Amino acid sequence: MFTQPDAVLFDLDGTLLDTARDLGNTLNALLLEKGMPTVDYEQYRNIASNGAKGMLELGFGEALKQYDFEQLRQAFLDHYLNHICIDTCYFDGIETLLTTLNQKSIPWGVVTNKPEGLTLALLKSFPLLNNCQVIIGGDTLAERKPHPLPLLYAQDQLSKNGAPLINPSTWYVGDAERDIEAANAANMVSVIAKFGYIEDDTDIEGWQADFAVETAQDLTKLL
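Residues numbered from 1 in each chain as written. Predicted model: local features only at pLDDT ≥ 70, side-chain atom pairs only at ≥ 80, totals over all residues. Heavy atoms only, no water.

Trainee: With reference to specific residues and values, describe a negative patch on the surface.
Mentor: Residues E177, E181, D203 and E205 make up a contiguous surface patch of negative charge. Within the fold, E205 resides in the loop between β7 (189-193) and β8 (211-213). Given the relative accessible area of 68%, E205 is considered exposed. (Patch = residues over 30% accessible without salt bridge, like charges linked within 9 Å, V, L, I, M, F, W, Y side chains within 5 Å. Areas by Shrake-Rupley, 256 points an atom, 1.4 Å probe, with all protein chains shown as cover. Salt bridge = Lys/Arg side-chain N within 4 Å of Asp/Glu carboxyl O. Lys, Arg positive; Asp, Glu negative; His and termini not counted. Charge placed at Lys NZ, Arg CZ, Asp CG, Glu CD. Helix = DSSP H or I, 4+ residues; strand = E, 2+ residues; numbered from the N terminus. Buried < 20%, exposed > 50% of the residue type's maximum accessible area, 1.4 Å probe, protein only.)

Written as structure tokens, this is what we have:
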């Protein structure tokens, strides 16, 4: 039995924001530049949580070996930064969810594997997110998810701004196995955002999460 959380931490891509189309547009721009066929939304949608590496592996396939991966990855990130919020939007119900947390005075933050610079650039377009209490990117610390350090560090930052937080009072919400692995390792309440970038045949039961929600509205109801 779990009580109302004392704090909530969220993944970003595939949990708070639907960033897939902008990531896919970046991939397709690079593919066109290299004279390669583009990738449809249905193909890249559920790969978006895997960032530049996952998208490049999807689009280039075996041909990826022909390129300097770091140069190609940097080209991806540079293009994405310049087109970071064209088609990106909140998932349905997220704004209400975050407003509910604010109304209940439950502190919340973002812990993502997206590079911190890209994260901050993206959140400028979403004031509700930009004003959260803590933002941790994939390169903010020495470790990234699935390591629990980013989650524990974020919790510590929230504690410094209010009452001390003791696990498992903090919840972590994400749409990838690494999110749940990190939350469980940090002894936080783990919540799968099933509306995110998850393949239909994924065995999410094996992730051993505490909760799985179909929509952001369902998560709001849990609160």
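Still more to cover.
Trainee: So what about the pairing of strand β1 (residues 7-10)? Which residues, and what values?
Mentor: On β1, burial covers both faces: A7 and L9 on one face and V8 and F10 on the other are all buried. In terms of strand pairing, β1 meets strand β6 (residues 170-174) through four bridges, oriented parallel. Opposite A7, over in β6, you have T170 as the bridge partner. Note that β1 and strand β4 (residues 108-111) share three bridges and pair parallel. When the sheet's bridge partners are listed, V8 is paired in β4 with W108. (Pairing = 2+ DSSP bridges.)

Trainee: Explain helix α3 (residues 51-60) residue by residue, including any values.
Mentor: A turn of α-helix holds 3.6 residues, and therefore any two residues three or four places apart point the same way. For α3, the complete set of buried residues consists of A52, G54, M55, L56, G59 and F60. Each element contacted by the buried residues of α3 is listed here: α1 (20-33), α2 (41-44) and α4 (69-82). Residue G61 follows α3 closely and has a positive phi angle near 55°. (Contact = heavy atoms within 4.5 Å.)

Trainee: Could you give an account of the layout of surface pockets, naming the residues involved and the relevant values?
Mentor: In this model, the largest pocket occupies a volume close to 480 Å³. If you trace the largest pocket, you find 28 residues lining it, with N50, G51, A52, N113 and R144 closest to the centre. Considering only residue class, the lining of the largest pocket consists of nine nonpolar, seven polar and 12 charged. (1 Å grid on protein atoms, 1.4 Å probe; cavity = no way out; pocket = protein on both sides within 12 Å on 5 of 7 lines; lining within 4 Å. Points joined across faces, edges and corners; volume = space filled by probe spheres on them. Nonpolar A, V, L, I, M, F, W, Y, C, P; charged D, E, K, R; others polar.)

Trainee: Could you give an account of the packing of α1 against α3, naming the residues involved and the relevant values?
Mentor: Contact pair α1 / α3: the axes reach a minimum separation of 10 Å and the direction vectors enclose 45°. In terms of axis orientation, α1 runs oblique to α3. Handedness of the α1/α3 crossing: right-handed. Facing L23, G24, L27, L30 and L31 of α1, the residues of α3 in contact are M55, L56, G59 and F60. For the contact of α1 with α3, the class distribution of residues is seven nonpolar, two polar and no charged. (Axes fitted to C-alpha atoms, helices over the stretch in contact; angles between N-to-C directions. Parallel < 35°, antiparallel > 145°, perpendicular 65-115°, else oblique. Left-handed = near helix turned anticlockwise from the far one by under 90°.)

Trainee: Explain the state of the cysteines to me, and be specific about the residues and the numbers.
Mentor: Evaluation of the coordinates by the stated rule reveals zero disulfides. This cysteine, C132, is not joined by any disulfide, and C85 carries the nearest cysteine sulfur, 16 Å off. (Disulfide = S-S within 2.5 Å.)

Trainee: Which residues make up unusual backbone geometry, and what values do they have?
Mentor: Omega for the bond connecting K145 with P146 falls within 30 degrees of zero, at 20°, which places this linkage in the cis form. By the element assignment, P146 lies in the loop between β5 (134-136) and α8 (149-160). With phi around 60°, N187 is a residue other than glycine that occupies positive phi space. Inspection of the secondary structure assignment puts N187 in the loop between α9 (177-185) and β7. A positive phi is found at Q208, a non-glycine position, where the angle reads about 60°. Under the relative-accessibility criterion, Q208 is labelled exposed at 62%.

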